[in-house]
Amino acid sequence: MIKKILVTGGAGFIGSTLVESLLKDKHDLTIIDNFDAFYPKAVKENNIKGFINHPSIRFIEGDIQSPVLMEQLAALDFDVIVHLAAKAGVRPSIADPLGYQDVNVKGTQNLLELARRKKIVQFVFASSSSVYGVNKNIPWSEDDHVLQPISPYASTKVSGELLGHAYSHLFGTRFLALRFFTVYGPRQRPDLAIHKFSSAIMNGQPIDVFGDGSTRRDYTYVDDIITGINGAIHYDQTMYEVVNLGNNKMISLSEMIQVLEEVWEKKAIINRMPEQPGDVPVTCAAVEKAKRLFGYEAKTGFREGILKFKNWIDKR
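What counts and what doesn't
Once a new chain begins, its residue numbering starts again from 1 and follows that chain's sequence as written. Predicted model: local features are reported for residues with pLDDT of at least 70 only, side-chain atom pairs are reported and counted for 80 or more only, and whole-chain, interface and lining totals are derived from all residues. Hydrogens are left out, water is left out, and the side-chain values use all remaining heavy atoms of the structure. Numbering of helices and strands runs from the N terminus; a helix is a DSSP stretch of H or I covering at least four residues, while a strand is a stretch of E covering at least two. The reference for a compact globule is 2.2 Å times residues^0.38; the radius of gyration itself is calculated from the C-alpha atoms. Burial here depends on accessible area, computed with a 1.4 Å probe over protein chains only, as a share of the maximum for the residue type. Under 20% is buried, over 50% is exposed, and the range in between is partly exposed. Any two residues having at least one pair of non-hydrogen atoms within 4.5 Å are treated as being in contact. Axis angles are defined between N-to-C directions and span 0 to 180 degrees, where every axis is a line fitted to C-alpha atoms and, for a helix, only to the segment in contact. In these notes the angle categories are as follows: under 35 degrees is roughly parallel, over 145 is roughly antiparallel, 65 to 115 is roughly perpendicular, and the rest is oblique. Working rule for handedness: look at the near helix, and if it is turned counterclockwise from the far one by less than a right angle, call the crossing left-handed; if clockwise, right-handed. To estimate the expected span of a helix, subtract one from its residue number and multiply by 1.5 Å. N or O atoms closer than or at 3.5 Å make up a polar contact, with two conditions inside protein: a donor-capable atom paired with an acceptor-capable one, and, for residues adjacent in sequence, both atoms drawn from side chains. Pairs were defined over the aromatic rings of Phe, Tyr and Trp, the Trp ring being its six-membered one, requiring ring centres within 6.5 Å. Orientation was assigned from the angle between planes: stacked under 30 degrees, edge-to-face over 60, tilted for the rest. Here, a charge over a ring is recorded when the distance from Lys NZ or Arg CZ to the ring centre is within 6 Å and its angle to the ring normal is within 35 degrees.

Draft legend 1. Examining the overall build of the protein more closely. Helix and strand counts for the protein stand at eleven helices and 13 strands. What you see for the protein is a C-alpha radius of gyration of 19 Å, in line with the 20 Å of a compact globule of 316 residues. When each of the 316 residues of the protein is scored for burial, the buried share is 55%. Contacts spanning at least 24 positions in sequence make up 83% of the contacts within the protein whose residues lie at least 6 apart.

Here you go:
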């Protein structure tokens, strides 16, 4: 069934990958992005250049904080909102907590208001594994309702989930909060570790490694995340769900660097740095719920995903 879908943050890493997937299914798409200066505009323009002129796409450059944009969107019809736009990053949020609150919380409420006004039933929200904070109950389960975020970014994602619950309860908006676990792959943001470390290793430059390398992450390949988002777009049972999208496997920072060295066939020059505030020591997703609700299954192993990422870098 062809749907009319609004994708916020559609020129970003995950957003542009999702848009390509949705185009293959012949959906009618409206994409919003404000080309935030967090990283160069040219990177996002490159992400969307292959489909920006597609007849099934309407692209709007705009900010989800803007009342003018909301009125513009109110004149259009949508079946689904996929809300990926956000100020991203744990460490930058510590320096700019108010900015993160404005975009990630007020911007999300603006879109929920749009859904309420337009009676848009389906709202898919990009949440984050960071909402769990420092949680010793490994793997992290959606049934663990004690969330103790340790960064402003993480707290804004908790706020988004709770706003969604209120709108679902009051206004009948089906709200699906997807907690992404360390997404990587082609188009990954240049500030994220795998992309940043790969560039440094390629160019013989040192990489800053915070801590002793024992921190572990549940790295999830972007195509697996897209499969989960597609599942949420078509989910039509309960009205509110929080769902992990991860790989259910942990890779230490040292192991990640070792795989990068093997794939790039160069040794990393490591600059040891102290641990950073806001970082958590481990992330690991329980994914049984995603499998039960969406048929979700992460199929891409870490080394395979890194090889695909390298192929993308080489083609560029």
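The discussion continues.
Draft legend 2. Quick peek at the packing of helix α9 (residues 253–264) against helix α11 (residues 302–315). Close contact between α9 and α11 brings their axes to 10 Å; oriented N to C, the two are set at 50°. Overall, the two elements α9 and α11 adopt an arrangement that is oblique. For the crossing formed where α9 meets α11, the hand is right-handed. On the side of α9, the interface is formed by Met 256, Val 259, Leu 260, Glu 262, Val 263 and Trp 264, while α11 contributes Phe 302, Arg 303, Ile 306, Leu 307, Lys 310, Ile 313 and Asp 314.

Draft legend 3. Fine view of helix α1 (residues 13–24). Here α1 is twelve residues long and its end C-alpha atoms lie 18 Å apart, about the 16 Å a rise of 1.5 Å per residue gives. Among the residues of α1, Phe 13, Ile 14, Gly 15, Ser 16, Thr 17, Leu 18, Val 19, Ser 21, Leu 22 and Leu 23 are the ones counted as buried. Once α1 ends, the next one or two residues include Lys 26, with phi positive near 65°.

Draft legend 4. Spotlight on the side chain of Asn 244. Positionally, Asn 244 belongs in strand β11 (residues 240–245). Judged by relative accessible area, Asn 244 falls into the buried class, the value being 0%. Within the structure, the side chain of Asn 244 is placed 2.9 Å from the backbone oxygen of Trp 140, a separation counted as a polar contact. Beyond its immediate sequence surroundings of up to four residues, Asn 244 is in contact with Tyr 132, Trp 140, Ser 141, Glu 142, Arg 179, Phe 181, Ala 285, Ala 286 and Ala 290.

Draft legend 5. Inspection of the packing of aromatic side chains at higher detail. Overall, the coordinates contain 15 aromatic pairs when judged by the stated rule. With 6.3 Å between their ring centres and 90° between their planes, Tyr 184 and Tyr 219 make a pair best called edge-to-face. Of this pair, Tyr 184 sits in strand β7 (residues 183–184) while Tyr 219 is found in the loop between β9 (216–217) and β10 (220–221), placing the two residues 35 residues apart along the sequence. The exposure classification of Tyr 184 matches that of Tyr 219, with both residues buried. Taken together, the ring pairs connect Phe 123, Phe 125, Phe 175 and Tyr 240 into an aromatic cluster. The cationic tip of Arg 116 hangs over the ring face of Phe 171; the distance from NZ or CZ to the ring centre is 5.4 Å.

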